[in-house]
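# Tertiary structure, described
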Amino acid sequence: MIRITTIFLCLLLAVAAAGRYRAEEEVRNTRSDIREIETDMVKERRAIQMLRAEVAYLENPERLAKIADAKTALRPTESRQIMTADEFVASFGDAPAVSAPTRRTPENSDVILHALAMAGPAALQ
Amino acid sequence: MFFRTRRKVRPTAYLISCAQPVQPEGAREQVASSSVQRRRIVRARARILMCLVAFVFTFGALGVRLAYVSFGDVAPARAFAAAGRDGGPRPELVDRNGAILATDIPMVALEIAGRDVWDADETANAVKSVLADIDAPALAEKLRAGRYVEVASDLTPFERRAIFSLGQPGVRFATRNKRFYPQGDLGAHVVGHSEAGKGGVMGLERYITAEMAKATADAPVRAAIDVRVQQALEQELQATMTQFKALAAWGAVMDVETGEVIALASLPDFDPNAPGAAPPDARRNRATYDRYELGSAFKAFVGASALEAGLAREDTTYDARKPFKVADRTITDFHGENRILTFSEVIQHSSNIGAARMAGDLGVARQKKYLDELGLLDALPIELAENRSPQPPDKWGPVEAATVSYGHGISVTPLHLLAAFSAVVNGGEYHTPRFLAVDGDASDERASNMVFSEETSAIMRRVLRRVVIDGTASKAEAQGYFPIGKSATADKPSAGGYNRNARIASFIGAAPGYAPRYAILISFDNPQPGEGTYGYATAGWNAAPTFSRFVNRAAPLLGLTPVNEAVALSAFMGAAPYREARADLEPSAP
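Residues numbered from 1 in each chain as written. Chains lettered and ligands numbered in written order. Predicted model: local features only at pLDDT ≥ 70, side-chain atom pairs only at ≥ 80, totals over all residues.

## Considering the overall build of chain B
When you go through chain B residue by residue, the secondary structure sums to 20 helices and 18 strands. Buried residues in chain B amount to 45% of all 590 residues. By sequence separation, contacts in chain B at least 24 residues apart represent 71% of the contacts at least 6 residues apart. (Helix = DSSP H or I, 4+ residues; strand = E, 2+ residues; numbered from the N terminus. Buried ≥ 20, exposed ≤ 12 C-beta atoms within 10 Å, placed from the backbone. Contact = placed C-beta atoms within 7 Å.)

Here it is, written out as structure tokens:
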């Protein structure tokens with residue numbers, strides 16, 4: 001009986017050792033994977049940070065203003081370019097744009113309608 | 001084998017213990033044989049014991065390890081995962097719309113360990129072949145001395161590859177974070193800058209460093225400024241500064257509802273990426289740190305105080321026919337109307353005499369009380385370290401009360417003036433200026449208090465509108481926004497008095513005037529008469545038109561919609577409280 005028990009314990013020990021080794025190996029591999037992923041994440045994050053900084057530099061309003069001055073005839077919006085639909089009617093008569101249905105919120109619709117009217121009736125289709 | 005031996009020795013051991021008086025033939029051999037068997041038994045037992053100990057030890061160790069793995073601390077793995085999340089040790093600074101103002105970017109530094117270098121001259125010359133601006137002999141000297149040298153702190157990827165391919169021993173690359181300011185000189189005095197090893201040394205950068213313990217690198221710090229409005233302000237200030245050959249210019253835009261500073265400029269300015277390249281004077285924040293006697297803008301404060309104290313109405317009259325004597329001081333008007341003026345006309349035509357008479361009615365104690373409530377007697381508790389306390393008169397008697405009423409004898413920072421003016425036009429509530437955006441829990445432990453009533457504020461809006469329509473600042477008009485405001489031209493103090501040929505020209509106003517949302521200050525240091533100004537260099541000729549251009553340009557960015565005359569008039573004359581009027585008229589505010 002003792003012999004059987006001892007043999008059983010030996011086998012158990014061997015199985016436990018093998019299981020333990022396997023678990024350790026898996027943990028080691030997983031840790032290695034995590035480390036790789038974390039390293040990749042840091043690299044990606046740094047790359048994203050660089051790109052965001054670059055985008056911020058490219059979108060710097062001073063830079064854009066200089067380019068716009070040099071390459072286009074764009075100018076800052078003036079107040080006379082913004083009016084309500086009623087004012088538009090009063091200024092320009094019954095333009096088709098004004099009578100067109102609007103799906104916008106009341107606060108913004110007048111300005112947007114005016115912009116669409118300036119772009120032409122096709123823009124309202 | 002081990003078990004077989006154990007069984008065999010048992011009977012023999014019994015024989016050994018048996019007493020025999022007479023030893024038979026061969027007994028000696030038997031005894032010798034049993035002695036050998038005994039030794040074997042002892043040895044076998046020792047082996048068993050050893051095996052037992054080994055088993056116990058092994059199982060015990062495995063058990064302990066198993067328990068440790070099962071129940072032990074897993075912090076190392078978490079710590080590792082956390083360590084990977086280092087996007088930069090300092091939080092990003094962004095504007096109110098999320099545009100980056102300051103961020104950390106990873107840079108590669110080139111370092112050479114002198115001890116590992118075989119040939120110092122060869123290494124130095126090789127590095128110089130890639131980085132032309134280094135001093136090769138000096139580098140070689142340091143390497144020969146075995147020193148560890150940082151050759152460059154910001155290599156480009158190309159330079160890194162080129163140096164790596166040189167194959168020189170002792171060359172190392174280290175990753176560093178460098179603070180980068182993508183907006184360049186835009187809003188430089190608000191953003192500030194940092195120095196290696198010190199962190200932020202100015203502006204919000206300094207604030208971030210000081211508050212690092214509370215901030216996390218993951219969450220950006222959101223400033224109140226809007227870079228688009230900032231750019232419009234700086235460009236308009238610069239254009240006028242150049243046109244009128246002013247020494248300096250400054251300006252600011254403040255949300256009168258929250259106290260948020262939407263833009264703040266001080267020219268000349270500097271690039272935070274290379275702060276050392278600009279003279280120290282350019283790094284000085286004139287809008288928050290310098291104190292000036294800002295002149296007639298103070299008439300709005302004495303006027304509102306007189307109204308609030310019940311000492312004046314819109315139609316109250318003041319005698320401005322002759323100079324006004326207060327003790328030994330005679331007060332005159334710059335452009336005297338030389339007639340009796342109404343309350344409104346005193347401010348409209350910027351009458352020093354009328355303002356001094358109002359201050360006389362108000363008295364020193366009440367004047368000080370209102371100026372104190374408007375924050376004009378104490379330092380502003382703002383995020384920027386670059387701020388100063390105002391400089392009120394040492395002795396505040398009737399003469400000082402009279403001069404303070406038109407902004408002489410009291411020095412305040414431009415931001416003090418802007419915050420106080422906001423309270424005059426916004427329904428009477430004073431807000432401390434803030435440079436961080438108001439979001440969620442960031443609001444609001446700051447001081448805000450009611451200084452004036454809605455009625456006083458409404459009267460002041462009408463009066464200040466008349467300044468633009470038919471007063472000293474007709475060039476401040478901005479179609480559709482009906483701005484209100486007050487021009488102020490103050491002679492600069494000099495030894496023994498004031499210099500009549502050096503002045504600070506300012507216009508402080510608000511838009512839209514009928515229900516102000518933004519208070520705006522524009523100032524120039526010593527502008528000169530220019531083309532078409534008929535020899536004048538007063539605020540009405542330089543600061544007021546700059547204000548007008550800025551409002552026209554910035555209002556669409558700020559979501560302000562122009563209205564027609566009828567709407568504006570009804571708001572100016574209406575009895576509706578300011579906030580209700582604004583809510584009705586400004587639905588599209590951002």
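Once the structure has been displayed, the description carries forward.
## Some words on the overall build of chain A
In terms of regular secondary structure, chain A is built from five helices and zero strands. Beginning at the N terminus, the succession of helices and strands in chain A can be written as α-α-α-α-α. When burial is assessed residue by residue, chain A has 7% of its 125 residues classed as buried.

## A few points about the interface of chain B and chain A
Across the contact, 34 residues belong to chain B and 30 residues belong to chain A. Of the residues that constitute the side of chain B that touches chain A, the class distribution is 17 nonpolar, 14 polar and three charged. (Nonpolar A, V, L, I, M, F, W, Y, C, P; charged D, E, K, R; others polar.)

## Considering the packing of helix α9 (residues 227–243) of chain B against helix α18 (residues 543–557) of chain B
All names here are of chain B. Close contact between α9 and α18 brings their axes to 10 Å; oriented N to C, the two are set at 160 degrees. When the interaxial angle is binned, α9 and α18 end up roughly antiparallel. Of the two possible hands of crossing, α9 and α18 adopt the one that is right-handed. Contacts between α9 and α18 involve Arg228, Val229, Ala232, Leu233, Glu236, Leu237 and Thr240 on the former and, on the latter, Thr546, Arg549, Phe550, Arg553, Ala554 and Leu557. A class-by-class count of the residues in the contact of α9 with α18 yields seven nonpolar, two polar and four charged. (Axes fitted to C-alpha atoms, helices over the stretch in contact; angles between N-to-C directions. Parallel < 35°, antiparallel > 145°, perpendicular 65-115°, else oblique. Left-handed = near helix turned anticlockwise from the far one by under 90°.)

## Some points on the sheet that holds strand β9 (residues 261–267) of chain B
Residue and element names in this part refer to chain B. Reading across from one edge, β9-β8-β18-β17-β16 is the order of the five strands in this open sheet, with antiparallel pairing throughout. At either margin of the open sheet sits one strand with a lone partner, and together these are β9 and β16 (484–494). Going from strand to strand, the sheet's axes swing by 15 degrees on average, the running direction of each strand aside. Summarising the sheet, β16 and strand β17 (residues 497–511) pair through eleven bridges and their orientation is antiparallel. Bridging from a neighbouring strand, aspartate 491 pairs with arginine 503 of β17. Where α9 meets the sheet, its contacts fall on β8 (248–255), β9 and β18 (518–525), and the angle it forms with β9 comes to roughly 30 degrees. (Pairing = 2+ DSSP bridges.)

## So, the confidence of the model for chain B
In regions of low pLDDT, the predicted coordinates are not meant to be interpreted in detail. All names here are of chain B. When pLDDT is averaged along chain B, the result is 85, and 86% of the positions lie at 70 or above. Here residues 74–88 scores under 50 on pLDDT; set against residues more than four positions off or in separate chains, the count is 13 contacts. Note on the complex model: pTM 0.76, ipTM 0.70. (pLDDT = per-residue confidence, 0-100.)

## Re the nonpolar core
All names here are of chain B. Ranked by internal contacts, the top residues of the largest apolar core, which has 139 residues, are Ala223 and Ile520. Not counting residues within four places of it along the chain, the set of residues in contact with isoleucine 520 comprises Val253, Gly509, Ala510, Ala511, Phe547, Phe550 and Val551. By size, the runner-up hydrophobic cluster in this structure holds twelve residues, among which are Val117, Val127, Ala140 and Leu143. (Core = buried A, V, L, I, M, F, W, Y, C linked by C-beta atoms within 7 Å.)

## A few points about the environment of alanine 174 of chain B
Residue and element names in this part refer to chain B. Relative to the elements of secondary structure, alanine 174 occurs in strand β4 (residues 171–180). It is 9.6 Å that separates the C-alpha atoms of alanine 174 and glutamate 150, two residues lying 24 residues apart in sequence. Setting aside anything within four residues of it in sequence, one finds alanine 174 in contact with Ala109 and Glu111.

## Brief notes about the environment of valine 221 of chain B
Residues and elements named next belong to chain B. Mapped onto the secondary structure, valine 221 falls in strand β7 (residues 221–222). C-beta crowding within 10 Å serves as the criterion here: with 21 such atoms nearby, valine 221 is assigned to the buried category. Note: C-alpha distance between valine 221 and proline 91 (130 residues apart in sequence) is 6.5 Å.

## Description of the packing of helix α11 (residues 298–308) of chain B against helix α16 (residues 414–425) of chain B
For any two helices packed against each other, one specifies the inter-axial angle together with the distance between the axes. Residue and element names in this part refer to chain B. Here α11 crosses α16 at 40 degrees, and the two axes come no closer than 10 Å. Between α11 and α16, the crossing angle belongs to the class labelled oblique. Handedness of the crossing formed by α11 with α16: left-handed. Listed contacts from α16 to Ala300, Phe301 and Ala304 of α11 are Ala420, Phe421 and Val424. Grouping the amino acids of the contact of α11 with α16 by side-chain chemistry returns six nonpolar, no polar and no charged.

## Looking at α18 of chain B
All names here are of chain B. The first and last C-alpha atoms of α18 sit 21 Å apart over 15 residues, in line with the 21 Å expected at 1.5 Å per residue. Of all the bends in α18, the greatest measures close to 25 degrees and is centred on valine 551. In terms of residue burial, α18 counts as a mostly covered element, since twelve of its 15 residues are buried. By the burial criterion, the buried members of α18 are Ala543, Ala544, Pro545, Thr546, Phe547, Ser548, Phe550, Val551, Asn552, Arg553, Ala554 and Ala555. Lining the buried residues of α18 we find α9, β16, β17 and β18. Positive phi appears at glycine 559, one or two residues downstream of α18, with a value of about 80 degrees. (Expected span 1.5 Å × (residues − 1). Bend = angle between axes of the 7 residues up to and from the residue.)

## Observations regarding the confidence of the model for chain A
Residues of chain A with pLDDT of at least 70 account for 74%, and the chain-wide mean is 77. Counted against residues more than four places away or in other chains, residues 97–125 of chain A, with its pLDDT under 50, gives 31 contacts.

## Side note on the pairing of strand β2 (residues 100–113) of chain B
All names here are of chain B. Bridge analysis of strand β1 (residues 93–94) against β2 gives two bridges, and the strand direction is antiparallel. Each residue of the ladder has a partner; that of leucine 93, found in β2, is alanine 102. Hairpin connection from β1 to β2: five residues lie between these consecutive antiparallel strands, with glycine 98 at a positive phi of about 95 degrees. In this sheet, β4 lies alongside β2 in antiparallel orientation, the contact comprising ten bridges. The residue bridging threonine 103 from the neighbouring strand is phenylalanine 180, located in β4. As paired elements, β2 and strand β3 (residues 148–155) share five bridges and run antiparallel to each other. Looking at β3, one finds that leucine 110 is bridged to alanine 152.

## Let's talk about unusual backbone geometry
Residues and elements named next belong to chain B. Cis geometry marks the peptide bond from leucine 267 to proline 268, where omega comes out at 0 degrees. With respect to the element layout, proline 268 can be found in the loop between β9 and α10 (280–283). Cis geometry is adopted by the peptide bond preceding proline 512, which originates at alanine 511 and carries an omega value of -15 degrees. In this fold, proline 512 is placed in the loop between β17 and β18. We note that phenylalanine 482 has phi near 45 degrees; this positive angle belongs to a residue other than glycine. Judged by C-beta crowding, with 25 C-beta atoms within 10 Å, phenylalanine 482 ranks as buried. Phi is positive for asparagine 526, close to 55 degrees, though the residue is something other than glycine. With respect to the element layout, asparagine 526 can be found in the loop between β18 and α18. On the basis of neighbour counts, which here come to 17 C-beta atoms within 10 Å, the residue asparagine 526 falls in the partly exposed class.

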